[in-house]
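# Coordinates in review
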Amino acid sequence: LMWPRSPPNHKEWQGSGTTAHFGDIVLGRCYTYTQIVRPELRDKDCQKIQEVFLKSFLSKDPCDATEQDYQPLIELANQTVPCNKTVFWSKTKELAHQYTRVQQALFTLENTLLGYIADDLSWCGDSGSSEINYQSCPTRRDNCSSNPVSVFWNTVSKRFAEDACGVVHVVLNGSLNEAFDRRSTFGRVEIHNLHPKKVHTLQAWVMHDIGGVRSDSCSSSSIRDLKSIISERNITFTCQNNYRPVRFLQCV
Ligand code: 2NF
């Protein structure tokens, strides 16, 4: 007779463990989003979404997560963003979110149901037990890139980009050496999954910190790289330094 292996009570991985009360937070955020933030989604089954989210990583090797693990969750959420309303961001999370809080018709990934539920959470399981690992989870750097959190963001970011249509936007950080980083999720996943038949234009807003250094701008080499990748994919590229409606928010 084989007893199930009990979960390790030592730290197995270098990353922080699953966020305390993970299941309750997922359920609570799902209700907040579907009942209050976007009541047009009030008929979504949050109990089911919580159950399917947990099933996507429990009892599995946390270094062997796959896109397929999250397909049932993505299908349950099944949310579409209207054309011209998608906002990508890279190294500008706070500012991009400030902007979509004011411009409520616009969506970052975190303004969609799955992004809203998962933002800033950590989670993992273990192949030898059906329990949540609250002790530690693998990190990309120290353990493995196919961990449940990284694979989740890669998968939902890919889907978010595939679904985008019309004119799409990206908020970039012009106070960094490279405003466009090809190793970021935006550079690695999102731009390569835009559909040229659906996405007409990518409009970049390169924002500088107030009083900060102007180390990059629309004419810099990293933005030229972005422009050439986008143009080769037959999508129009436009760029604005310190786009005014976003610029105002940096003062509040
Ligand atoms: O946590 C999120 N909300 C998140 C994580 C990864 C990707 C959101 N995204 C989506 C958003 F929709 C944006 O359009 O991708 C875009 C932002 O990702 P980015 O990598 O271009 O931007 P960064 O500012 O470099 O990273 C954002 C945060 O995500 C983490 C990173 O450490 C930072 O906290 N992150 C980035 N890639 C991964 C990954 N593969 C990651 N965390 C885990 N695995």
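Numbering of residues starts from 1 in every chain and runs along the sequence as written. With pLDDT at 70 or above as the cut-off, local features in this predicted model cover only qualifying residues; side-chain atom pairs require 80 or more to be listed or tallied, and sums for whole chains, interfaces and linings still use all residues. Side-chain measures here rest on the full set of heavy atoms in the structure, leaving out hydrogens and waters.

## Concerning the site of the ligand
Heads up, the rule is: Residues are counted as near a molecule or strand when any one of their heavy atoms sits within 4 Å of it. In the analysis that follows, any N or O atom pair within 3.5 Å is treated as a polar contact, provided that within protein one partner can donate a hydrogen and the other can accept it, and provided that, for residues neighboring in sequence, both atoms belong to side chains. Per-residue and other accessible areas were derived by the Shrake-Rupley procedure at a 1.4 Å probe size, with only the shown protein chains allowed to occlude residues. Here a strand is any run of E in DSSP of at least two residues, a helix any run of H or I of at least four, and the numbering for each starts at the N terminus. Classification used: nonpolar for Ala, Val, Leu, Ile, Met, Phe, Trp, Tyr, Cys and Pro, charged for Asp, Glu, Lys and Arg, polar for all others including Gly.
Inspection of the region around the ligand gives 18 residues, with Ser90, Lys91, Glu110, Ser150 and Thr185 positioned closest. Taking serine 184, its side chain carries an N or O atom lying 3.5 Å from an oxygen atom of the ligand. Glutamate 190 places a polar side-chain atom, nitrogen or oxygen, 2.9 Å from an oxygen atom of the ligand. In isolation the ligand offers 730 Å² of accessible surface; the protein chains occlude 80% of this area. Contributions of two or more residues to the shell around the ligand are made by strand 2 (87-90), helix 6 (148-163) and helix 7 (185-190). Split into classes, the residues belonging to the shell around the ligand amount to 5 nonpolar, 6 polar and 7 charged.

## Examining the side chain of serine 150
For clarity, the cut-off: The contact rule is simple, with two residues in contact once any of their heavy atoms fall within 4.5 Å.
Tracing the chain through its elements places serine 150 in helix 6. When sequence neighbours within four positions are dropped, the list of residues in contact with serine 150 reads Arg140 and Ser145.

## Focus: the sheet that holds strand 4 (residues 166-173)
What counts is decided by this rule: Pairing between two strands is assigned when DSSP locates at least 2 bridges connecting them. Inter-axis angles, ranging from 0 to 180 degrees, are taken between N-to-C directions of lines fitted to C-alpha atoms, where helices are fitted over the stretch in contact.
Within the open sheet, the 4 strands sit side by side as 2-4-5-6. Their pairing is parallel. Each end of this open sheet is capped by a strand with a single partner; those strands are strand 2 and strand 6 (236-241). Averaged over neighbouring strand pairs, the angle between their axes works out to 20° when direction is ignored. Sheet analysis places strand 5 (residues 199-207) next to strand 6, joined by 6 bridges and oriented parallel. The residue bridging tryptophan 205 from the neighbouring strand is glutamine 240, located in strand 6. Strand contacts of helix 8 (residues 221-232): strand 4, strand 5 and strand 6, with the helix running at about 155° to strand 6, the strand carrying the most contacts.

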